[in-house]
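Examining the three-dimensional arrangement
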Amino acid sequence: EARLKRYYPFGELTTHSLGYVGRINQRDEIRLEEQGKAETYKATRDIGKLGLEKYYEDILHGDIGHQEVEVNNQGRILRTLSFNPPTPGKDLTLSLDIELQMVAKRALIGNRGAIVALDPRDGGVLALYSNPSYDPNLFVHGISSKDYKALLNPDRPLVNRVTKGVYPPASTIKPHLAMLALDEDVVTETTELYDPGFFKLPKADHRWRDWKPWGHGKVDVYRAIEESCDTYFYEVGYRLGIDKISEFMYQFGFGQRTGIDIHEEKTANLPSREWKEVTYKLPWYPGDTPNISIGQGYWTATPMQIANSM
């Protein structure tokens, strides 16, 4: 019998956003039974397995139809007694810009990494690309063990680095910290802090180095952001303390899922005093804060969290 099959014309370009459909397996059948949806899938072989295909499965799938007919002893239909037409699934129009997606792919050629671009007006995802990627069409007909084994390589193409890649947010959080320092009157617009190329805690010998070995000299909040001055933010973070930093940054979505509609997402880690006590059974030391103040140390984030926080 003839059947329609999903085909992804852009292949690996859209895998980590669209996801893919695949054959309904035993685990899917159990889940559908538990959700009371098994009847709707009686004539269906495929189901959304990943990404938007999985997230919007209920919208994309539609409902099956049926007809009741009278047949003779040879199986020929004599008349139709009742007919209930199927309801097609709905179409989805995405915010994804395919040309921008191509730009993202070209930018990552030869590198592992992730690029995400959001529309600042409504948060719509304009580009979402994780490199390396893979062809989702391999999964539509049931992937061979040889092809699947090829995807289990050290470059980990199956991982969506945009939402599951966990990295130190580094200097991307310096504008956030500057805003908190201004809000808390730790500094003003005109406050200048001196940067000799390092930062030291009172009565301590350890030096936290600036990226510029000889320092930036006198730095106000504008220059600190423009030149990404580590020493300025070491000092500001120390004055603020971890409690204010973690509480403020939580409001920007760090340490939480953003809720992007593709399911696969990690929370990463926003450090706090309580988190360290639970995780390491240790108190928070003053020396822990400077690294946090430049987005390093215990702090991790996904590219999607960072973009969303901006």
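Anything mentioned here points back to the structure above.
The following paragraphs examine the structure supplied in this document. Please read all numbers here as calculations on a predicted model, not as lab measurements.

The number of helices and strands found in the protein is 15 helices and 10 strands. Against the compact-globule benchmark of 19 Å for 310 residues, the protein has a radius of gyration of 27 Å, which places it well outside the compact range. Burial analysis of the protein (310 residues in total) assigns 40% to the buried set. In the protein, 65% of the contacts between residues at least 6 apart in sequence involve partners at least 24 apart.

Attention shifts here to a nonpolar patch on the surface. On the surface, a nonpolar cluster with roughly 210 Å² of combined accessible area is contributed by Ile 59, Leu 92 and Leu 94. By the secondary structure assignment, Leu 94 is in the loop between strand 4 (77-84) and helix 5 (98-107).

Before going further, it helps to examine the packing of helix 9 (residues 174-183) against helix 12 (residues 242-250). At a minimum axis separation of 11 Å, helix 9 and helix 12 run at an interaxial angle of 115°. Between helix 9 and helix 12 lies a crossing whose hand is right-handed. Taking contact as the criterion, the partners of His 176, Leu 177, Met 179, Leu 180 and Asp 183 in helix 9 are, on helix 12, Lys 244, Ile 245, Phe 248 and Met 249.

So, about the environment of Lys 281. With respect to the secondary-structure elements, Lys 281 resides in the loop between helix 13 (273-280) and helix 14 (289-292). Polar contacts involving the side chain of Lys 281 include one to the main-chain carbonyl oxygen of Val 278, which spans 3.1 Å.

Before going further, it helps to examine helix 11 (residues 230-240). Note on helix geometry: an α-helix contains 3.6 residues per turn, so any two residues three or four positions apart are oriented the same way. Within helix 11, eight of the 11 residues are buried, which leaves it mostly tucked inside the rest of the structure. Within the span of helix 11, buried status applies to Asp 230, Thr 231, Tyr 232, Phe 233, Tyr 234, Val 236, Gly 237 and Leu 240. Positive phi appears at Gly 241, one or two residues downstream of helix 11, with a value of about 85°.

Turning to the nonpolar core, a few remarks are in order. In this structure, Tyr 232, Val 236, Leu 240, Met 249 and Phe 254 are the most contacted members of the largest nonpolar core, which totals 32 residues. Among the secondary structure elements, those contributing two or more residues to this core are helix 9, helix 10 (221-226), helix 11 and helix 12. Counting residues per element, this core draws most heavily on helix 11, at five residues. Judged by nonpolar contacts, the second largest core, of 10 residues, contains Tyr 56, Leu 96, Val 116 and Val 162.

Here the focus is the pattern of salt bridges. Taken as a whole and assessed by the stated rule, the structure comprises 15 salt bridges. Across the salt bridge formed by Lys 5 and Asp 46, the nearest N and O atoms sit 3.5 Å from each other. Remark: Asp 46 occurs in strand 2 (residues 46-50) and Lys 5 occurs in the segment before helix 1 (15-18); sequence separation between them is 41 residues. According to the relative accessible area criterion, Asp 46 is buried, its value standing at 17%. Arg 112 is paired through a salt bridge with Asp 155; the nearest N and O atoms lie 3.7 Å apart. On the criterion of sequence distance, the pair formed by Arg 112 in the loop between helix 5 and strand 5 (113-118) and Asp 155 in the loop between helix 7 (145-151) and helix 8 (161-164) is long-range, its members being 43 residues apart. Given the relative accessible area of 53%, Arg 112 is considered exposed. Salt bridges sharing common partners tie together Asp 28, Arg 31 and Lys 49.

What follows concerns the side chain of Asn 160. You can see Asn 160 is positioned in the loop between helix 7 and helix 8. With relative accessibility at 5%, the residue Asn 160 sits in the buried group. In this structure Asn 160 touches His 16, Leu 128, Ser 130, Gly 165 and Ile 262, once residues within four positions along its chain are discounted.

With that settled, consider unusual backbone geometry. Going from Asn 131 to Pro 132, the amide bond is cis rather than trans, its omega being 0°. One can find Pro 132 in the loop between strand 6 (125-131) and helix 6 (137-140). Phi is positive for His 263, which is not a glycine, with a value near 70°. Positionally, His 263 belongs in the loop between helix 12 and helix 13. The phi torsion at Lys 281 lies on the positive side, around 55°, for a residue other than glycine.

This part is about the pairing of strand 3 (residues 66-71). Where strand 3 and strand 4 come together, six bridges link them in antiparallel fashion. Bridged to Glu 70 within strand 4 is Arg 79. What sits between the antiparallel neighbours strand 3 and strand 4 is a turn of five residues, in which Gly 75 has the positive phi angle 85°.

The rules we used
Residues numbered from 1 in each chain as written. Predicted model: local features only at pLDDT ≥ 70, side-chain atom pairs only at ≥ 80, totals over all residues. Heavy atoms only, no water. Helix = DSSP H or I, 4+ residues; strand = E, 2+ residues; numbered from the N terminus. Rg over C-alpha atoms; globule rule 2.2 N^0.38 Å. Buried < 20%, exposed > 50% of the residue type's maximum accessible area, 1.4 Å probe, protein only. Contact = heavy atoms within 4.5 Å. Patch = residues over 30% accessible without salt bridge, like charges linked within 9 Å, V, L, I, M, F, W, Y side chains within 5 Å. Areas by Shrake-Rupley, 256 points an atom, 1.4 Å probe, with all protein chains shown as cover. Salt bridge = Lys/Arg side-chain N within 4 Å of Asp/Glu carboxyl O. Axes fitted to C-alpha atoms, helices over the stretch in contact; angles between N-to-C directions. Left-handed = near helix turned anticlockwise from the far one by under 90°. Polar contact = N/O pair within 3.5 Å; in protein donor to acceptor, adjacent residues only side chain to side chain. Core = buried A, V, L, I, M, F, W, Y, C linked by side-chain atoms within 4.5 Å. Pairing = 2+ DSSP bridges.

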